[in-house]
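Structural description and commentary
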Amino acid sequence: MMRRLFVLALTLAIACSAAAVHAQPAWPTKPIRILVGYAPGGSTDVTARIIAQALSERLGQPVIIENRPGAAGNIAAEAAAKAEPDGYTITMSTSSTFATNPSLYKSLPFDVQNDFAPIALTAFIPNLLVVHPSVPAGTVTELIAYLKANPDKVNFGSSGNGSSQHISAALFNALAGVQMAHISYRGGAPAVTDLLGGQVQVIFAPLVEVLQQVRAGKLRALGITTAVRSPLLPDVPTIAETLAGYEVRLWNGLLAPAKTPPEVIDRINRATIDALRSSEVKAKLAEQGSEPVGNTPEQARQFLDAEIAKWAKVINTAGVKAEQ
């Protein structure tokens, strides 16, 4: 009799335990943070906010953008790497922080390939070479001639040491055989502000950050960094049409801390891909010249590894260095 009672009690306990597990609410149950390594108003921030709104609608929880600018995105990346791996803190990765910084900096407070779990690649973005109206150049060829005639007299701004803007200009310097002084800012928006004010004369900025100023005639667009022209500025040639072999294609994506549960990664991935396929998100990204991507975590991992290897070769060949 006692044995039967014990078996019955044990069975009930197991059943209750299983019921309790199944009764736990599905992830997510609270707001999610996306850490952005650049100032508000820049291309990465704009993209992150588009994605955040779409994810909030699909995950049923607020998705909050937290800007932590500085050190070419390394500050936000470090915070994300050290965050609790529960999916409630993720980061909007960029080609500069996660593909070029491993080769530019002697040491980083995080390991890109071991401290993060890729979720999905979100978009490809072109940079645009623009100059202040005071620069007497209407083409890339004329800019190169002006720079050679005025060595060390022209400054270029960027969103930070090692950023895609810095890399774009450094590669341009190397291939054109010219020299522009680098002025580093804590984000793309303040760099563009100083370009408009004439404190710097050149910027290789994400298209969305300067498109309206170009259309208004406040800045002059000379070339685009991608291999093909942008449909938003079809009359602006690629830089490669003048400098053979020149190409810089920005990208961004979502990463979580390593050891984040696979089911959580999958949940965010499915929501992200669904968002990127929506006409609303596609239209918003198109407004800034961005091309939506969306892929699996495995494909995002393979892409990231390939980008790190690719830019290591470019940085070494061009002799690009980041101020430490």
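To keep things clear, this report deals only with the structure shown in the data block.

Rules used in this analysis
- Residues numbered from 1 in each chain as written.
- Predicted model: local features only at pLDDT ≥ 70, side-chain atom pairs only at ≥ 80, totals over all residues.
- Heavy atoms only, no water.
- Helix = DSSP H or I, 4+ residues; strand = E, 2+ residues; numbered from the N terminus.
- Buried < 20%, exposed > 50% of the residue type's maximum accessible area, 1.4 Å probe, protein only.
- Lys, Arg positive; Asp, Glu negative; His and termini not counted.
- Charge placed at Lys NZ, Arg CZ, Asp CG, Glu CD.
- Axes fitted to C-alpha atoms, helices over the stretch in contact; angles between N-to-C directions.
- Left-handed = near helix turned anticlockwise from the far one by under 90°.
- Contact = heavy atoms within 4.5 Å.
- Nonpolar A, V, L, I, M, F, W, Y, C, P; charged D, E, K, R; others polar.
- Salt bridge = Lys/Arg side-chain N within 4 Å of Asp/Glu carboxyl O.
- Parallel < 35°, antiparallel > 145°, perpendicular 65-115°, else oblique.
- Pairing = 2+ DSSP bridges.
- Right-handed = clockwise from strand over helix to strand, strands pointing away.
- Polar contact = N/O pair within 3.5 Å; in protein donor to acceptor, adjacent residues only side chain to side chain.

Digging into the overall build of the protein
Along its length, the protein carries eleven helices and ten strands. In the protein, which comprises 324 residues, the proportion classed as buried is 52%. A distance of 3 Å separates the average location of the 27 positive side-chain charges in the protein from that of its 25 negative side-chain charges.

Focus: the environment of alanine 137
If you trace the backbone, alanine 137 turns up in the loop between β4 (116-131) and α5 (140-149). Distance in space between the C-alpha atoms of alanine 137 and leucine 243 is 16 Å, their sequence separation being 106 residues.

Quick word on the packing of helix α2 (residues 43-59) against helix α9 (residues 262-277)
Axis separation between α2 and α9 bottoms out at 9 Å; the angle between their running directions is 115 degrees. Relative to α9, α2 is oriented so that their crossing is right-handed. Judged by residue contacts, Ile51, Ala54, Leu55, Arg58 and Leu59 of α2 engage Arg267, Ile268, Ala271, Thr272, Asp274, Ala275 and Leu276 from α9. For the contact of α2 with α9, the residue count by class is eight nonpolar, one polar and three charged.

What to know about the pattern of salt bridges
Enumeration according to the criterion identifies ten salt bridges in this entry. Across the pair arginine 68 and glutamate 66 runs a salt bridge whose closest N-O atoms are separated by 2.6 Å. What makes arginine 68 partly exposed here is its relative accessible area of 29%. Close ionic contact of arginine 229 with glutamate 241 constitutes a salt bridge, the shortest N to O distance being 2.9 Å. Taken together, the positions of arginine 229 in the loop between β8 (220-224) and β9 (249-257) and glutamate 241 in the loop between β8 and β9 put the pair twelve residues apart, joining distant regions of the chain. Taking the relative accessible area as the measure of exposure, arginine 229 reaches 38% and is therefore partly exposed. The class of glutamate 241 is partly exposed, set by a relative accessible area of 45%. Each member of the salt-bridge network shares a partner with another, and the members are Arg33, Glu66 and Arg68.

Topic: helix α4 (residues 95-104)
Because each turn of an α-helix spans 3.6 residues, side chains separated by three or four positions end up pointing in the same direction. Along α4, eight of the ten residues are buried, which leaves the element largely enclosed by surrounding structure. Those residues of α4 lying buried are Ser95, Ser96, Thr97, Phe98, Ala99, Thr100, Asn101 and Leu104.

Overview of the environment of threonine 272
As for its placement among the helices and strands, threonine 272 is situated in helix α9. Taking C-alpha positions, threonine 272 is 28 Å from phenylalanine 204, a pair spaced 68 residues apart along the chain.

Brief notes about the packing of α2 against helix α10 (residues 279-287)
The contact between α2 and α10 brings their axes to 10 Å, and the two run at 175 degrees. Classified by the angle between their axes, α2 and α10 sit roughly antiparallel to one another. Where α2 approaches α10, its residues Thr47, Ile50, Gln53 and Ala54 are matched on the opposing element by Val281, Lys284 and Leu285. Split into classes, the residues belonging to the contact of α2 with α10 amount to four nonpolar, two polar and one charged.

Some words on the pairing of strand β1 (residues 32-36)
Extensive coverage of β1 is indicated by the burial of four of its five residues. Note that β1 and strand β2 (residues 63-67) share five bridges and pair parallel. Residue pairing for β2: valine 36 is matched across the bridge by asparagine 67. Traced from β1 through α2 to β2, the parallel crossover comes out right-handed. Pairing analysis gives three bridges linking β1 to strand β3 (residues 89-94), with the strands arranged parallel. Note on β3: the bridge partner recorded for isoleucine 34 is isoleucine 90.

Examining the environment of threonine 100
When you line up the elements, threonine 100 lands in helix α4. Look past the residues within four positions of threonine 100 in its chain and what remains in contact with it is Ser95, Gly162, Ile167, Trp311 and Ile315. There is a polar contact of 2.7 Å between the side chain of threonine 100 and the backbone oxygen of serine 96.

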